[in-house]
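# Secondary and tertiary structure notes
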Amino acid sequence: MMVDRLRVNHLVDPVGIDDPTPVLSWRLGAPDGGHRQTAYQLRVDTGTVVWYTGKVVSGQSVNVPYDGPAPTSRQRFSWRVQVWDEQDVVSEWSKDAVWEMGLLAHADWHAHWIADPAAVPRIQDPLVIRFTARQTRFLRLDVTRLGRPLQEGWPDPVSRLQLAELQVFGGGTLLSQRKRVTASEAYTASGVWGPEFLTDGTLHSNADPRGYTSLERHQQDLDSSIWVEVDLGGSAVADEVRLYPRTDTHTPDGGVANFPESFTLQTRNAASDPWTVAFRGTGQAAPEPWRPPPGLPLLARTFTVDKPVTSARLYAVGLGVCELRLNGAKVGDAVLEPAYTDYRKRVVYSTYDVTSAVRTGDNTIGVMLGHGIQDVQGGTGRYTKFTGSLGFMKALVQLEVTHPDGTRTEVVSDGQWRAETGPTTFTNWFGGEDYDARREFPGWDGPGANHQTWRVAQDLGTPTEVLSAQEPPPVRVKETISAATGTEVAPGVWLYDMGRNLAGWPEVTLRGAAGRTAWLTPGEKLANGRVTQSEVGEPVYFRFTPATDEATWHPRFMYYGFRYLEISGLAAAPAPQDVRAHVLRADNVAVGTISTSNSTLNSVYTLVERAVASNMFSVLTDCPHREKLGWLEETHLLYDTVAASFDVASYYRAIARDIRDAQLDNGMVPDIAPEYTVFDGGFRDDPNWGGAMVMVPYKHYRTYGDVGPLRDGYQAMVRYMNYLASRADGHLLDYGLGDWGAADESTPVGLVVSSAYHRFATAMAEISDAVGEDATRYRTLAADIRVAFNAAYFDKAAGRYGSGSQSSNALPLAAGLVPDEHRATVLAALKADIANRGGHLSTGEVGLRALFDVLGEAGDADTVLTMALNATAPSYAAMLASGATTLPEFWDGRGSQNHFMMGAINDWSYRYLAGIRPVEPGYRRFVIAPLIPTSLDQVSASWEGPYGPIHSAWRKTATGVRLSVVVPANTEAEVRLPNENPLVLPGGTHELTSAD
């Protein structure tokens with residue numbers, strides 16, 4: 001018997017974590033796999049032993065909390081474990097594993113935020129209007145001609161009245177701050193746009209709240225005026241008004257948009273008085289906008305190390321996206337750092353072991369910065385999902401070099417750094433990226449580089465945000481593929497096919513093209529033989545101008561979802577092998593494989609897994625092009641599909657934290673986290689989305705046995721449940737998006753969200769038990785919801801729920817809402833609807849998992865496979881037949897071609913075709929109970945669980961079914977085969993048969 005695969009917070013030898021009580025896990029290994037742990041002992045040291053448990057009688061070998069002295073910043077721990085088996089035989093000590101702490105307190109950060117002063121935005125100058133001083137209480141801006149329009153994604157340009165702020169002064173004193181504003185009309189979005197934000201003191205619209213916006217028009221001249229009115233709250237002498245324009249987006253040529261051109265300022269002292277014109281403006285020019293430099297910042301510092309190097313650690317982050325450079329090379333292999341967060345509140349830094357990169361003598365450290373999703377600028381002429389800024393580009397860098405004598409050299413970001421405008425001339429998280437190699441500074445990041453002609457970096461002071469360590473695996477390049485084909489589709493335009501849809505970076509090697517600009521246009525689909533971006537927002541493109549006759553480039557600061565790439569602007573076509581794609585995703589280890597005797601079904605699994613991978617970045621996104629946002633319903637509705645393919649034990653801890661960070665003061669959880677833009681209605685507040693607050697840590701606990709996110713999030717979950725209770729009427733909810741994406745849209749919204757409410761209450765009871773809280777409240781709530789739900793939605797005479805749609809019946813069946821005596825009747829109604837539809841499913845993403853699970857629990861795999869493999873839509877097979885290589889957004893193929901929201905077939909197949917399902921959290925005990933459908937001859941699945949690999953493979957024989965299973969050591973499995981009694985099997989490899 002041996003002990004191996006030691007993990008800290010589910011990671012291998014992590015460097016730079018900030019969890020003071022990480023969980024420790026290990027696995028038992030033995031030739032026969034049959035050992036069971038009965039005791040363990042742990043030894044942790046930092047040069048001297050700091051924690052020694054002695055023999056602990058326990059079978060626990062995953063998620064054992066470190067319980068030694070509180071760690072300090074930079075502290076490095078070495079640890080080992082020894083175990084006893086069921087015969088009280090002790091193992092050898094394991095090999096040592098390590099973990100290292102990052103910087104745990106703000107006081108440990110000696111670095112300051114720095115920025116390129118030329119790239120730090122300034123407050124937009126207002127239009128200042130002075131008029132003869134007058135006694136007034138009310139001031140009205142009455143607009144008759146709107147300013148220059150924006151595209152806004154509509155076919156025609158859209159004109160509005162839009163202002164960030166309206167200020168009224170008298171004798172130099174601001175009179176209007178926080179005063180009441182009314183308007184003739186207004187488009188309102190909670191926390192974003194509204195008349196009240198016109199006097200809130202925010203002089204720009206780069207971040208929420210933005211200010212005031214009218215409804216849209218399609219002409220600048222108005223048939224009737226639009227007005228906004230400020231009530232100063234009492235009579236005062238006014239003589240000046242300042243109008244601050246919208247700043248988060250601009251017209252295509254970089255000008256100010258939607259600023260009024262013709263208007264009057266009117267005043268009156270009482271509501272009964274007539275209006276008096278104080279100022280009349282006609283053909284008024286908008287203020288000149290602030291214009292950034294013609295490229296993105298480079299920051300650098302040279303330094304000298306005058307002693308030998310024992311170790312070196314670099315703690316750093318750059319916003320919005322950074323690439324760190326040290327002595328002429330990129331630091332680390334992570335890309336698109338840092339992770340998504342609300343950067344105003346929390347910033348994630350990374351720790352790098354750079355011991356081998358730092359040298360005695362001259363060194364140079366550098367940072368390349370891009371906007372990322374932190375700062376999405378509009379008015380660029382390229383696609384953006386939204387506009388807005390959580391801040392400008394800046395960097396925080398702290399390099400610590402330790403010497404043999406124990407001293408330390410520290411290099412930090414401060415006013416000694418230099419800044420320059422680099423060769424990346426444009427980047428937008430949604431719209432593309434441009435690079436002009438002729439603007440490069442050769443050797444700028446190499447040892448001893450000279451930056452004397454560069455600007456002095458602007459020192460922004462010490463950080464005030466929460467600084468959290470990057471712990472889950474970062475985004476990395478996981479694969480590089482070359483174009484399969486290249487074809488000229490128009491004179492000077494060449495189309496390249498990567499062979500499949502993906503998320504990542506296009507890359508091109510240009511030969512003999514010095515000084516020419518290549519245009520790269522990516523897309524998922526073709527229309528009339530050309531790339532189309534119509535389903536996901538356009539235009540998006542990249543431009544590369546090489547300085548030499550052989551040069552290779554890919555973007556650094558954004559990514560995109562594409563299969564096809566059009567290249568133009570060149571004299572000759574690049575060879576297909578010179579056109580490549582770097583496939584990106586969070587570097588979560590692949591842990592699951594499944595295959596069957598049906599090749600179409602196997603292709604469906606690939607379709608779903610590729611879509612998951614394409615959306616697995618620092619958060620789980622909905623699509624890698626149009627939105628790139630963390631829509632929360634997928635995080636829990638598809639949790640098992642994600643976890644079936646990838647080890648997300650560490651990754652989902654961060655997702656749970658992001659959800660907690662996004663929670664509003666009233667307890668509501670928005671549909672996206674982080675909430676980079678604020679949507680309306682159900683697109684901001686739907687329980688099946690916000691319920692991720694409860695269901696993400698719950699499902700994580702069920703899969704990995706990790707109680708940490710439950711404890712960390714319990715109070716936030718309670719606040720969310722309280723919020724839902726405040727929205728409930730008689731224990732039922734009735735708002736939101738319903739069964740999003742359903743082919744049958746008849747399912748009542750209230751049924752969809754109230755069944756979710758019941759699931760949350762049931763989960764909260766189990767969560768409360770797990771963390772030692774009183775579960776009575778939530779068991780009572782679940783019972784109350786059940787009674788109210790059946791009273792509202794169950795048609796006893798018809799034997800169905802709601803409209804009788806598949807989701808109407810599947811959701812209450814799956815949630816345990818159907819009284820036992822009626823389950824068979826409701827299940828029959830569900831199957832009848834499937835049959836009446838010719839074996840088609842009709843659910844959306846909310847009802848889909850419920851539909852499959854209900855049929856799985858009923859032992860009816862054949863009906864699920866009939867729906868999945870139906871030759872016509874809606875079905876997975878129809879998606880494949882349409883040419884999809886990743887999972888489309890909707891059943892009819894509309895929208896994005898790279899969504900995983902309909903991917904429930906994958907985890908269902910692991911759980912029901914292979915039969916692998918947990919009994920205890922973390923799969924310490926589990927079942928292997930495969931269904932044997934008539935349409936399949938064999939199924940084989942393997943999944944790397946917390947205790948080790950689980951394998952289930954069955955095949956039909958002439959006399960029955962033969963099943964091979966692998967049970968990890970220190971676990972047990974209940975194995976069920978048709979027509980056979982259940983068997984409880986210990987760790988090891990087992991072969992079983994059953995007769996027909």
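Residues numbered from 1 in each chain as written. Predicted model: local features only at pLDDT ≥ 70, side-chain atom pairs only at ≥ 80, totals over all residues. Heavy atoms only, no water.

## Focus on the pairing of strand 31 (residues 432-436)
Convention followed: With a 1.4 Å probe rolled over the protein chains alone, any residue whose accessible area is under 20% of its type maximum counts as buried; one over 50% counts as exposed, and the rest are partly exposed. Under the scheme used here, helices are H or I runs from DSSP no shorter than 4 residues and strands are E runs no shorter than 2 residues, and both carry numbers assigned from the N terminus. Two strands are said to pair when DSSP picks up at least two bridges between them.
Of all 5 residues that make up strand 31, 5 are buried, and the element is covered over most of its length. Of the two faces of strand 31, the one carrying Gly 432, Asp 434 and Asp 436 and the one carrying Glu 433 and Tyr 435 are both buried. In this sheet, strand 31 lies alongside strand 30 (residues 424-428) in antiparallel orientation, the contact comprising 4 bridges. Residue pairing for strand 31: Thr 424 is matched across the bridge by Tyr 435.

## Looking at the sheet that holds strand 1 (residues 2-8)
With antiparallel pairing, the 3 strands of this open sheet are ordered in space as 1-3-7. At either end of the open sheet lies a strand with only one pairing partner, and these are strand 1 and strand 7 (64-65). Summarising the sheet, strand 1 and strand 3 (residues 23-29) pair through 5 bridges and their orientation is antiparallel. Within the sheet, the bridge partner assigned to Val 8 lies in strand 3 and is Leu 24.

## A few points about the domain arrangement of the chain
How we decide: Residue ranges for the domains trace back to a domain assignment, done automatically or taken from a database.
Entries for the chain in the domain assignment read domain 1 (2-105), domain 2 (113-118 + 292-469), domain 3 (127-281), domain 4 (475-585) and domain 5 (938-995). Placing the centre of domain 1 and that of domain 4 at their C-alpha centroids yields a distance of 47 Å.

## Let's talk about the sheet that holds strand 32 (residues 455-456)
If you trace the 6 strands from one edge of the open sheet to the other, you get 22-21-24-19-29-32, paired in antiparallel fashion. Edge positions in the sheet fall to strand 22 (329-330) and strand 32, since each has one partner strand and no second. Looking at chain direction, strand 29 (residues 418-421) and strand 32 are connected through 2 bridges and run antiparallel. For Ala 419, the partnering residue across the bridge sits in strand 32 and is Arg 455.

## A word on the pattern of salt bridges
Any two side chains of opposite charge can pair, on the condition that their charged atoms come close. To be explicit about the condition: Think of a salt bridge as a Lys or Arg side-chain nitrogen and an Asp or Glu carboxyl oxygen that are within 4 Å of each other.
Evaluation of the coordinates by the stated rule reveals 66 salt bridges. The partner of Asp 253 in a salt bridge is Arg 148, and the shortest N-O contact between them spans 2.8 Å. One end of the pair, Asp 253, is in the loop between strand 16 (221-245) and strand 17 (262-268); the other, Arg 148, is in the loop between strand 11 (127-145) and strand 12 (162-170), and 105 residues separate them in sequence. With a closest N to O distance of 3.1 Å, Asp 860 and Lys 831 form a salt bridge. Here Lys 831 lies in helix 11 (residues 823-836) and Asp 860 lies in the loop between helix 12 (845-857) and helix 13 (861-868), a separation of 29 residues in the sequence. What makes Asp 860 buried here is its relative accessible area of 12%. Among the residues examined, Lys 831 registers a relative accessible area of 31% and is labelled partly exposed. Taken together, the shared-partner salt bridges connect Asp 640, Lys 699, Arg 849, Asp 853, Asp 907 and Arg 911 into one network.

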